[in-house]
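Single-letter residue listing:
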Amino acid sequence: MDTVYATRGGCVARDRGPAYDAAPPTAARVVAALTAGADALAGFDPQVCSDEELGAVLLAAEAAQRRIAAHQATTIRAFDQRDAARHDACVTTAGWLRLHTTMGPGAAKKRVKRAYLLQAMTHLRAAYEEGAVATEQVDAIVYRAIPSRAAAIAEHDDTLAQLARNAEPREVAVAVTRIIDTVDRDGTDNPPPCANDDLRGIDTFGGYAGLSSVRGSTTTLLNELLARTFRVFDTPDPADTPVAQRRGATQRRHDALQAALATALDHHPGATIDGVKTHASLFVDLRTMLGDDDLATIRPRLGETGVIDAETARHIIATTNPTLRLVLGLGPWLPITVSRTRRVLPQWLRGASQLAHQHCVGPGCDVKFSRCEADHREPHCNSGATALFNDNPLCPPHNQLKHDEQWTLTFDVDTGVTTWTSADATRVIRVPPAEP
Ligand SMILES: [Zn+2]
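Residues numbered from 1 in each chain as written. Predicted model: local features only at pLDDT ≥ 70, side-chain atom pairs only at ≥ 80, totals over all residues. Heavy atoms only, no water.

## Let's talk about the overall build of the chain
Within the chain one finds 15 helices and 15 strands. The 436 residues of the chain split such that 35% are buried. Sequence-distant contacts in the chain: of pairs separated by 6 or more residues, those separated by 24 or more amount to 55%. Of the roughly 25,800 Å² of accessible surface on the chain, 55% is carried by carbon and sulfur atoms. (Helix = DSSP H or I, 4+ residues; strand = E, 2+ residues; numbered from the N terminus. Buried < 20%, exposed > 50% of the residue type's maximum accessible area, 1.4 Å probe, protein only. Contact = heavy atoms within 4.5 Å. Areas by Shrake-Rupley, 256 points an atom, 1.4 Å probe, with all protein chains shown as cover.)

As structure tokens, this is what we get:
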């Protein structure tokens, strides 16, 4: 058994043990050894050993996880640098990871970002490869290493690596934040407000029961505009509103902001489809509208938000203003077509395609529909119709890859699955529809 001993920062497997073979392993042997390691742990019965042995196995598993993750980062970087994702019609390594695993987009991108950070921070990488540093400590740095700060953070490689060996992730995070402060605030203790403008940002997060949370840092100007907006668009409750139904201050601010955004969209040409102003687009199965949720073949979705539940869809239809654009479907892929009368999707059909597809149909890709190009699956010059069932929304890199490498795309109107087949037909990649 490997000798394992713990430090405060982590556990380190020092001896490689009898299974280690000095010969450089082939890819097949690496795969077999990794699988064998997991199988050994799966077959291990904790009841048949002493407390000390059980602890040794636990620490060895932790050390192995760390070391594997560290070396996996080197593999990810090599994979990314040789553009190997294109083999499976993916345009990024993160997309390729998503195609082959159930990883979310954030986790996949973090794997790639971690791989490149570790290339720049050799001391940290060495500690991680030893198993002396956990993934959580490394990610405390990765999370904060946006491009404009990465070089400054990497300069403190040795210090951060030492700290990560002995401190918890939050202590590492505090140290990184101090480094960032010197970069972002120009080294002064009390910077003028405008110097902090590049810290501005707004995020929305999915929340409880269909509600979302908004969090962010506003600049002085946006703060002023928000205050003004709340004042201008605030409408008091009618005098006869029962006390129990009167809105609180935060609810009134929410409603004022909603009214201001609707007004802004009213005056923006991009919010008009076929001359009709639309603030929100909703796609629902006809059966959902009728209340037969079990018979519906697709869950309702909002154009930008994505899938929502049936009750929320009916609530929105019942309560929203007339600027809601509603597309009814008998299933998700009901063929809607203008046949061959036009080569370019008319706006109303593009709207329907957006509601159906949400994003690029490239493998592992989540580029939003609004940034995609409409591509005829069956080319227009080969009698392909301009139709929902013949439209591939593809991000520009995927559109390029499809044409450069002659991938053929087919579409199953029953399931919404897009199938990519390579020119020599040796590779077939199936891309499921966006959250059916
Ligand atoms: Zn794409």
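## Examining the sheet that holds strand β15 (residues 428-431)
Strand order across the open sheet formed by three strands is β13-β14-β15, with antiparallel pairing between neighbours. Each edge of the sheet is formed by a strand with only one pairing partner; in this case those strands are β13 (408-411) and β15. Across the sheet, the mean angle separating the axes of adjacent strands is 20 degrees when strand polarity is ignored. Bridge analysis of β13 against strand β14 (residues 418-421) gives four bridges, and the strand direction is antiparallel. (Pairing = 2+ DSSP bridges. Axes fitted to C-alpha atoms, helices over the stretch in contact; angles between N-to-C directions.)

## Thoughts on the nonpolar core
By size, the foremost hydrophobic cluster in this structure holds 33 residues, and its most contacted members are M121, L124, V138, I141, I153, L160 and V176. Where this core is concerned, the elements lending two or more residues are α2 (51-81), α3 (93-100), α4 (105-120), α5 (122-130), α6 (135-142), α7 (147-155), α8 (157-166) and α9 (169-184). The residues contacting M121, other than those within four sequence positions of it, are I141, I153, A154, D157 and L160. By size, the runner-up hydrophobic cluster in this structure holds 14 residues, among which are A89, V367, C395 and W420. (Core = buried A, V, L, I, M, F, W, Y, C linked by side-chain atoms within 4.5 Å.)

## Topic: the coordination of the zinc ion
Protein ligation of the zinc ion involves C360 (SG), C365 (SG), C395 (SG) and H398 (ND1), the donor distances falling in the range 2.2 to 2.4 Å. Counting gaps between the donor residues of the zinc ion yields the pattern C-x4-C-x29-C-x2-H. (Donors = N, O, S within 2.8 Å, 3.2 Å for Na, K, Ca; no water.)

## Considerations on the packing of α3 against α4
Packed helix pairs are specified by the crossing angle of their axes together with the interaxial distance, meaning the distance between the axes. Their axes nearest at 8 Å, the elements α3 and α4 cross at an angle of 130 degrees. If you check the angle between α3 and α4, you find them oblique. The handedness of the crossing between α3 and α4 comes out as right-handed. Between α3, through T93, A94, L97 and R98, and α4, the contact on the second element is made entirely by P105, A108, K109, R111 and V112. Broken down by class, the residue content of the contact of α3 with α4 amounts to five nonpolar, one polar and three charged. (Parallel < 35°, antiparallel > 145°, perpendicular 65-115°, else oblique. Left-handed = near helix turned anticlockwise from the far one by under 90°. Nonpolar A, V, L, I, M, F, W, Y, C, P; charged D, E, K, R; others polar.)

## Considering the pattern of salt bridges
Scanning the model with the defined rule gives 13 salt bridges in all. R314 is paired through a salt bridge with D293; the nearest N and O atoms lie 2.9 Å apart. One end of the pair, R314, is in helix α13 (residues 310-319); the other, D293, is in the loop between α12 (286-289) and β8 (301-302), and 21 residues separate them in sequence. A residue is classified by how much of its surface remains accessible, and R314, at 22% relative accessible area, is partly exposed. Salt bridges sharing partners connect three or more residues here, namely K110, R114 and D139. (Salt bridge = Lys/Arg side-chain N within 4 Å of Asp/Glu carboxyl O.)

## A few points about α5
Because an α-helix completes one turn every 3.6 residues, residues spaced three or four positions apart along the sequence face the same direction. Taken residue by residue, α5 has L124, A127 and Y128 as its buried positions. The buried residues of α5 all sit within an arc of 100 degrees when viewed along its axis, so they share a single face. Those residues of α5 that are buried are in contact with α2, α4, α6 and α8. (Arc of directions from axis to C-beta.)

## So, a nonpolar patch on the surface
A cluster of nonpolar side chains, contributed by V30, L34 and I68, occupies part of the molecular surface with about 230 Å² of accessible area. Looking at where I68 falls in the secondary structure, it is placed in helix α2. Given the relative accessible area of 43%, I68 is considered partly exposed. (Patch = residues over 30% accessible without salt bridge, like charges linked within 9 Å, V, L, I, M, F, W, Y side chains within 5 Å.)

## Some words on α13
Taken together, the buried positions of α13 are occupied by A310, A313 and I316. Seen end-on, α13 carries its buried residues on one side only, within an arc spanning 125 degrees. Away from its buried face by more than 90 degrees, α13 exposes E311, H315, A318 and T319. Capping of α13 at its N-terminal end is provided by D309; its side-chain oxygen lies 3.1 Å from the backbone amide nitrogen of E311. (Polar contact = N/O pair within 3.5 Å; in protein donor to acceptor, adjacent residues only side chain to side chain.)

## With respect to the environment of E130
With respect to the element layout, E130 can be found in helix α5. On the basis of relative accessible area, E130 is assigned to the partly exposed category, the value being 28%. Separated by 62 residues in the primary sequence, E130 and I68 place their C-alpha atoms 9.8 Å from one another. At 3.1 Å, the side chain of E130 forms a polar contact with the side chain of R165.

Remember, this is a structural readout, not a statement about activity or role.
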